[in-house]
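In case you want the letters, here they are:
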Amino acid sequence: MTARSARAGEGPGDLDVEEVLALVNDNARTPAPGGDRARGPQATPRPAPAPRGDDGQHRATPWPEARARASRAARAGAGRGSGLVSVPLADALGLTLAAPLAALTDLPSFDTSAMDGWAVAGPGPWDVRDEGLLAGHAEPPRLTDGEAVRIATGARIPQDTTAVLRAEHGRGDDKGRLFAARDLQHGQDIRPRGQECRSGDHLLPPGSLVTPAVLGLAAAAGYDTLTVVPRPRVDVLVLGDELLTSGLPHDGLIRDALGPLLPPWLRALGADVVAVRRLGDDAKALLKAVRGSRADVIVTTGGTAAGPVDHVHPTLERVGAELLVDSVKVRPGHPMLLARVTENQHLVGLPGNPLAAVSGLLTLAEPLLRALAARPAPEPYTVALQEPAHGHPHDTRLVPVLLRGESAVPLHYTGPAMLRGIAAADGLVVVPPGGARAGQELELLDLPWASAGTGECFT
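All values derive from a computational prediction rather than experimental measurement.

A.B. asks: Lay out the packing of aromatic side chains in plain terms, naming residues and giving numbers.
C.D. replies: Tallying each qualifying case throughout the model produces 0 aromatic pairs. One Lys or Arg, R156, reaches over the ring of F110 and ends 4.6 Å from the middle of that ring. Taking NZ or CZ as reference, R420 lies 3.9 Å from the ring centre of Y413, over its face.

Laid out in structure tokens, this is it:
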């Protein structure tokens, strides 16, 4: 596998974590004009419309540019209405620091023993005190030259201690004196106060992802809460009269696969899924749901093409939304879209076919949610194909693969309506127009649970 310095289609002007944090801070200080539901062209300056062909029809956006637009979209308005939040350590996992993590105390905050053994003063042999020292107790009496005291790892060091003699390096005689079995250096096996940091030292910058290790560091440094960028709130609207929520398909009806798939996938991308609603093919219900949503992002399934019951485009027109991406040159998932509904709200329209919807998640939802949460972009990398991958003549193709050592094996059952391939996959490779040969290095898109489990995503 080969790391790359920048993801295709993302240049220096794209997502910058500190810029996103600055946006959130600015918005926390200055309310958006007209409140959090301001709409129309007065709410925010509109970007240039997506390019159109000479015939007036919309031209699909190239896949790398679609991802770049999605990552930029979150900082094109005034920022998120929810601002920054202070949360307990237990609730901060997977969020992004919105302020530097500065030590609130010296670490360690007092001289401690790094080993089980004896604290000794001066040269040996030493007379050993009867009492011992354990971690969690107040400052012990000072030692005088020729004295030693039993000490446990983490216990406070008495004043005037020369070193800690490890348990395995000491021996006693029949008179109760302690001898060192090897030379002892001044300060040996003592962790001095402030060895790791001093109070006020900056331990991590804003924009750092809160991992389990960060939680441990924050606790050690004296924190009970952290100031973070909140998770983007997402409403999921499942469209389609043909969808069943239980039982076997029958009479032209099929099971809804995206209702169970989308919420945990979005959570793994760092979102807070507020609601999942099934609306059927009802234009009025869709309009009401979009107008009533207070989420940062609305995700819809199906209805993004131009058929008789495809109501997403007309709904966006009625609410005065701005189309940022209107179809993408990618297979599967071509009819996906991204729109700005208000200055603080976006809508990601996913195709109705399951694997096509997954393509839309990775193309538009992932970079948008990452930008809203101020999460750092994962370092892109490539993997060599073990065998050729079929490509589309003109569009990028996302192909589920298994990873075998340093190479990727393309999977079968990867039609737009199929989930069998992605269910077995370790990731998806980005196949350029025309296909790719065996041995060719292609960008690999990780699945969000590949390294962190379905509960959280740290990549």
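A.B. asks: For the pairing of strand 7 (residues 117–120), give the residues involved together with the corresponding values.
C.D. replies: The sheet contact formed by strand 7 and strand 9 (residues 147–151) spans 4 bridges and is antiparallel. Its bridge partner being in strand 9, G117 is matched across the sheet by I151. Pairing of strand 7 with strand 10 (residues 163–166) involves 4 bridges; the strand directions are antiparallel. Across the sheet, the residue bridging to W118 is L165, located in strand 10.

A.B. asks: Any details on helix 2 (residues 63–73)? Residues and values, ideally.
C.D. replies: Within helix 2, 8 of the 11 residues are buried, leaving the element largely enclosed by the surrounding structure. Regarding helix 2, the residues found buried are W63, A66, R67, A68, R69, A70, S71 and A73.

A.B. asks: Break down the sheet that holds strand 21 (residues 322–326) for me, citing the residues and quoting the values.
C.D. replies: An order of 19-16-20-24-23-21 is seen for the 6 strands of this open sheet, with the pairing classed as mixed. At either end of the open sheet lies a strand with only one pairing partner, and these are strand 19 (272–278) and strand 21. Recorded for the sheet is a direction-independent mean angle of 20 degrees between the axes of neighbouring strands. Here strand 16 (residues 233–238) runs beside strand 19; their pairing, made up of 6 bridges, is parallel. For D235, the partnering residue across the bridge sits in strand 19 and is A275. Lying over the sheet, helix 4 (residues 258–268) contacts strand 16, strand 19, strand 20 (297–301) and strand 24 (345–350), oriented at roughly 170 degrees with respect to strand 19.

A.B. asks: Can you tell me about the sheet that holds strand 4 (residues 96–97), naming the residues and giving the values?
C.D. replies: As summarised here, the arrangement of the 3 strands in space is 3-15-4, forming an open sheet in which the pairing is antiparallel. Two strands close off the open sheet at either side, each with one partner strand: strand 3 (85–88) and strand 4. Inspection of the sheet shows strand 3 paired to strand 15 (residues 225–229) by 4 bridges, in the antiparallel sense. From the neighbouring strand, S86 faces strand 15, where its bridge partner is T227.

Rules and cut-offs
- Residues numbered from 1 in each chain as written.
- Predicted model: local features only at pLDDT ≥ 70, side-chain atom pairs only at ≥ 80, totals over all residues.
- Heavy atoms only, no water.
- Phe/Tyr/Trp six-rings, centres within 6.5 Å; stacked < 30°, edge-to-face > 60°.
- Lys NZ or Arg CZ within 6 Å of the ring centre and 35° of its normal.
- Pairing = 2+ DSSP bridges.
- Helix = DSSP H or I, 4+ residues; strand = E, 2+ residues; numbered from the N terminus.
- Buried < 20%, exposed > 50% of the residue type's maximum accessible area, 1.4 Å probe, protein only.
- Axes fitted to C-alpha atoms, helices over the stretch in contact; angles between N-to-C directions.
- Contact = heavy atoms within 4.5 Å.

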